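A look at the structure
Each chain, letter by letter, is given below.
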Amino acid sequence: MKKEIIPGLLVTVIIAAVAKFLAGSIHGVGAVSLAIILGIVAGNLYHFGGRFAAGVKFAEKNILTYAIVLMGFNLRLGELGQMGALVFIIVIPTMLVTFGSALLYGRFLGFSTSGSLLLGAGNAVCGSSAIAAVAPVTTANEEEIGVSIGVVNLLGTVGMLLLPLLAGLLSLSDLQSSYLIGGVLQAIGQVVAAGFSLSDKIGDTATLIKMLRVIMIGPIVMLITLLSRGGGSGGGGKKRYIPGYIIGFFVCSVLGSIFTGDTLVIPELRHLAKLLLMVAMAGVGMKIRFRSLLQHGPKALLFGALIALTQCGFILLLILTLLG
């Protein structure tokens, strides 16, 4: 480890530790979300440049890559196979519509393609984690990343409270409610909270449906990489069609599905993935300025709300048609 990264990296680790400590007492807000919030606060109270800059950059780039790879251990591929083809017929088209609406609304509202892709990924896949995974293969800057994460987490928290009520108002069955919650909410924690608030059965099924969306993070990043490859490539003009961290993600997902939680190592690796993601998000937050959030936040919130409403409306149409 290079000595110059230690000061900044140490700050991000401290912020992540504080976020983890506070997360246990703040309902509905995960440690990852808190890490970026605390990072934003810290970065605006004190300018972490100079000797801190290298470590902060290492956290938001390198540590993030390691976190995405290890996130693969959280998947359960075998359990998804037991749900049959219907889960793919409902979830995959909903994700595509979510991405399409993000690009359409983003163009109408004047957002960059990168910013639109980030909000599309956050809503379609798995919130902050998806935004973090997609960001490296776009031209998105720290401000766009921070605004996207803030909007997605806020809307996810609202959805966590409203979707169970909506399921009741529409008199949805257990299976229909599972698809609504698992197919719309952004973060796994939100899905778990909303699903199990209705019943254990809905919670279990909604979590499995959510896992299919998480698995799609790999293909989505690969697709975005392919679509944007004409915009330039690093490394002396040699184009990388599949980012290395996505290959690692898939390898870890296979290993995590073969070696279940009964093993000694896999649970620790899953825990390590979340810790690293918290450190990376702290680094991202430290480079975001309040001025930018105030300037772009309200418009981005409208943007995110339009995407979420489209996503929710489309999956309800499929649910009522196919599972009615």
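Residues numbered from 1 in each chain as written. Predicted model: local features only at pLDDT ≥ 70, side-chain atom pairs only at ≥ 80, totals over all residues. Heavy atoms only, no water.

Here we look at the overall build of the chain
We count it as follows: Helix and strand labels come from DSSP, where a helix needs a run of H or I of at least four residues and a strand needs a run of E of at least two; each type is numbered from the N terminus. A contact between two residues is defined here by any heavy atoms of the two lying within 4.5 Å. Residue burial considers only the protein chains on display, and all accessible areas are found by Shrake-Rupley using a 1.4 Å probe.
A count of helices and strands for the chain gives 15 helices and zero strands. Summarising the internal contacts of the chain: among those between residues at least 6 apart in sequence, 80% fall at separations of at least 24. A total of about 15,000 Å² of accessible surface is found on the chain, and carbon and sulfur atoms cover 69% of it.

So, the packing of aromatic side chains
How we decide: Side-chain rings of Phe, Tyr and Trp, where Trp is taken by its six-membered ring, are said to pair if the distance between their centres is within 6.5 Å; with planes under 30 degrees apart they count as stacked, over 60 as edge-to-face, and otherwise as tilted. Think of it in three bands: residues with accessible area under 20% of the maximum for their type are buried, residues over 50% are exposed, and the middle band is partly exposed, with areas taken using a 1.4 Å probe on protein chains only.
Inspection of the entire model under this criterion finds four aromatic pairs. Between the aromatic rings of tyrosine 46 and phenylalanine 52, the centroid separation amounts to 6.3 Å while the plane-to-plane angle is 90 degrees, which identifies the pairing as edge-to-face. Under the relative-accessibility criterion, phenylalanine 52 is labelled buried at 11%.

Some thoughts on unusual backbone geometry
Even without being glycine, serine 171 reaches a positive phi, approximately 55 degrees. Along the chain, the position of serine 171 falls in the loop between helix H8 (142–169) and helix H9 (174–184). According to the relative accessible area criterion, serine 171 is exposed, its value standing at 62%.

Focus on the packing of helix H1 (residues 6–23) against helix H14 (residues 266–285)
For clarity, the cut-off: Here the axes come from fitting lines to C-alpha atoms, over the contacting stretch only for helices, and the angles between their N-to-C directions go from 0 to 180 degrees. By convention, the crossing between two helices is left-handed when the near helix turns anticlockwise from the far helix through less than a right angle, and right-handed when the turn is clockwise. Side-chain classes are defined by residue name, with Ala, Val, Leu, Ile, Met, Phe, Trp, Tyr, Cys and Pro counting as nonpolar, Asp, Glu, Lys and Arg as charged, and the others, Gly among them, as polar.
In the contact formed by H1 and H14, the axes pass within 8 Å of each other and the chain directions differ by 115 degrees. Considering how the two elements wind past one another, H1 and H14 form a crossing that is right-handed. Along its contact with H1, which presents Leu9, Thr12, Val13, Ile15, Ala16 and Lys20, the element H14 presents His271, Leu275, Met278, Val279, Ala282 and Gly283. Residues belonging to the contact of H1 with H14 are distributed by class as follows: eight nonpolar, three polar and one charged.

Focus: the side chain of threonine 138
Inclusion rule: Within 3.5 Å is the distance limit for a polar contact, defined as a pair of N or O atoms, with the added protein rule that one can donate a hydrogen and the other accept it, and that residues adjacent in sequence qualify only through two side-chain atoms.
For threonine 138, the location among the structural elements is in the loop between helix H7 (128–134) and H8. Of the polar contacts made by the side chain of threonine 138, one reaches the backbone oxygen of alanine 135; its length is 3.0 Å. Engagement of the side chain of threonine 138 in a polar contact is seen with the backbone nitrogen of alanine 140, the distance being 3.2 Å. When neighbours within four sequence positions are excluded, threonine 138 is seen to be in contact with Ser114, Leu117, Leu118 and Ile224.

A short note on the environment of glycine 183
Note that glycine 183 resides in helix H9. Assessed through its relative accessible area of 5%, glycine 183 is described here as buried. With 88 residues separating them along the chain, glycine 183 and methionine 95 place their C-alpha atoms 8.4 Å apart. Not counting residues up to four positions away in its chain, the partners in contact with glycine 183 are Thr94, Ser178, Ile209, Arg213, Gln311 and Ile315.

Digging into a nonpolar patch on the surface
Rule in force here: Residues qualify for a patch when their relative accessible area is over 30% and they have no salt bridge, like charges being joined within 9 Å and the nonpolar side chains of Val, Leu, Ile, Met, Phe, Trp and Tyr within 5 Å. Between Lys or Arg on one side and Asp or Glu on the other, a salt bridge is scored when a side-chain nitrogen of the former is within 4 Å of a carboxyl oxygen of the latter.
Nonpolar side chains collect at one region of the surface, where Leu154, Val158, Leu161, Leu162, Leu165 and Leu301 lie side by side and expose about 530 Å² of accessible area between them. Here the nonpolar patch takes five residues from H8, the largest share from any one element. Secondary-structure assignment places valine 158 in helix H8.

Comments concerning helix H3 (residues 53–71)
We apply this condition: The span expected for a helix works out to 1.5 Å for each residue beyond the first. Note on bend: the value at a residue is the angle between axes fitted to the seven residues ending there and to the seven starting there.
The end-to-end C-alpha distance of H3, which contains 19 residues, comes to 26 Å, matching closely the 27 Å that a straight helix rising 1.5 Å per residue would cover. At alanine 59, H3 is deflected by roughly 35 degrees, the largest bend along its length. When H3 is considered as a whole, its buried residues turn out to be Gly55, Val56, Ala59, Glu60, Ile63, Leu64, Ala67, Ile68, Leu70 and Met71.

Thoughts on the confidence of the model for the chain
Where we set the bar: Per residue, pLDDT measures the predictor's confidence, with a range of 0 to 100.
Summary statistics for the chain give a mean pLDDT of 82 and a share of 86% for residues scoring 70 or more. The model gives residues 230–241 a pLDDT under 50, and that stretch makes eight contacts with residues more than four places away or in other chains.

Quick notes on the environment of leucine 45
Considering the arrangement of structural elements, one finds leucine 45 in helix H2 (residues 31–45). Take leucine 45: its relative accessible area is 73%, and that puts it in the exposed class. Taking the C-alpha atoms as reference points, leucine 45 and methionine 286, separated by 241 residues in sequence, lie 9.6 Å from one another.

Details of the nonpolar core
Cut-off, in case you're wondering: To form a nonpolar core, buried Ala, Val, Leu, Ile, Met, Phe, Trp, Tyr and Cys residues must be joined to one another through side-chain atoms within 4.5 Å.
Counting residues in hydrophobic clusters, the biggest one holds 90 residues, and the most contacted among them are Val125, Leu180 and Met281. Those residues in contact with leucine 180 that lie beyond four places of it in its chain are Leu163, Leu166, Ala167, Leu172, Cys312, Ile315, Leu316 and Ile319.

What to know about H2
The terminal C-alpha atoms of H2 lie 21 Å apart, and with 15 residues this matches the ideal 21 Å at 1.5 Å per residue to within 8%. Among the residues of H2, those classed as buried are Ala31, Val32, Ser33, Leu34, Ala35, Ile36, Gly39, Ile40, Ala42 and Gly43.

Some thoughts on the packing of H8 against H9
Convention followed: In what follows, roughly perpendicular refers to angles from 65 to 115 degrees, roughly parallel to angles under 35, roughly antiparallel to angles over 145, and oblique to any angle outside these ranges.
Packing of H8 against H9 brings their axes to within 10 Å, and their N-to-C directions diverge by 155 degrees. As summarised for this structure, H8 and H9 are arranged roughly antiparallel, according to the angle between their axes. For H8 against H9, the interelement crossing comes out right-handed. The segment H8 lies against H9, with Leu163, Leu166 and Ala167 engaging Ser177, Leu180, Ile181 and Val184. Grouping the constituent residues of the contact of H8 with H9 by class yields six nonpolar, one polar and no charged.

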